[in-house]
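Given next are the chains, with one letter for each unit.
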Amino acid sequence: MTPPRLSAGGAGRICAAMRARSFLPALVFVALALPAAAAAPHHKVEHVAASSAPKELGRFDAWIAATHTAAGQTMCYAFSRAGSDDPVTGSGPILTVTDRSTGRDEVAVSGGPLFPKGTEVTLQVGSTGLDFCTSGHGAFARDGKAAAVAFERGATATLTVPAEKGRKPTTFSFGLK
């Protein structure tokens, strides 16, 4: 006759006290390990290959051209800073044109004022008005290709942020040459 096995159906033959004792070392280990793990310093793991610092390619009058690699994708962009700062945030917005493998001529204005919720703004380049949708501190061209063509032909771009709650409309100008 074969002796009874402790597994596969034989586990019920172990008394309840013995089953509890078998978990006791694991509980002690967890109880001791958790405070030590919580006290250990947390280090941020940086993946160097996943992202790199922006690399300036050159300055061209009002524009600065650069590249940036993130998640294995290289983006090329050019940006122009506004000639004035926002009176509320203290920083001036930046007009950026980005080209990446998934799309060209992505045009945005960022880092400036908080746009009133649900507003659309127009970036004026000469006689050409370019429609932008807004979200928070950013405005995004509805037609990036048309914006890039207008930038090539124009000397300045002017963005007027609508008035909001006691503020006057704010106007920013970007050099395009």
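Novice: Would you mind going over the overall build of the chain with me for this structure?
Specialist: Scanning the chain from terminus to terminus reveals 2 helices and 10 strands. Pairs at least 24 residues apart make up 38% of the contacts formed inside the chain by residues separated by at least 6 positions. Surface accessibility of the chain: about 11800 Å² in total, with carbon and sulfur atoms responsible for 60%.

Novice: Explain the pattern of salt bridges here, please?
Specialist: Pairs can form between side chains of opposite charge whenever their charged atoms are close. Applying the stated rule across the entire model yields 4 salt bridges. Between Arg 104 and Asp 99 there is a salt bridge whose closest N-O contact spans 3.8 Å. Residue classification places Asp 99 among the partly exposed residues on the basis of a relative accessible area of 23%. As a salt-bridge pair, Arg 142 and Glu 120 come within 2.6 Å of each other at their nearest N and O atoms. With Arg 142 in the loop between strand 8 (138-141) and helix 2 (144-153) and Glu 120 in strand 6 (residues 120-125), this pair connects stretches of sequence that are 22 residues apart. Taking relative accessible area as the criterion, Glu 120 reaches 48% and is therefore assigned partly exposed.

Each value, and the rule that gives it
Residues numbered from 1 in each chain as written. Predicted model: local features only at pLDDT ≥ 70, side-chain atom pairs only at ≥ 80, totals over all residues. Heavy atoms only, no water. Helix = DSSP H or I, 4+ residues; strand = E, 2+ residues; numbered from the N terminus. Contact = heavy atoms within 4.5 Å. Areas by Shrake-Rupley, 256 points an atom, 1.4 Å probe, with all protein chains shown as cover. Salt bridge = Lys/Arg side-chain N within 4 Å of Asp/Glu carboxyl O. Buried < 20%, exposed > 50% of the residue type's maximum accessible area, 1.4 Å probe, protein only.

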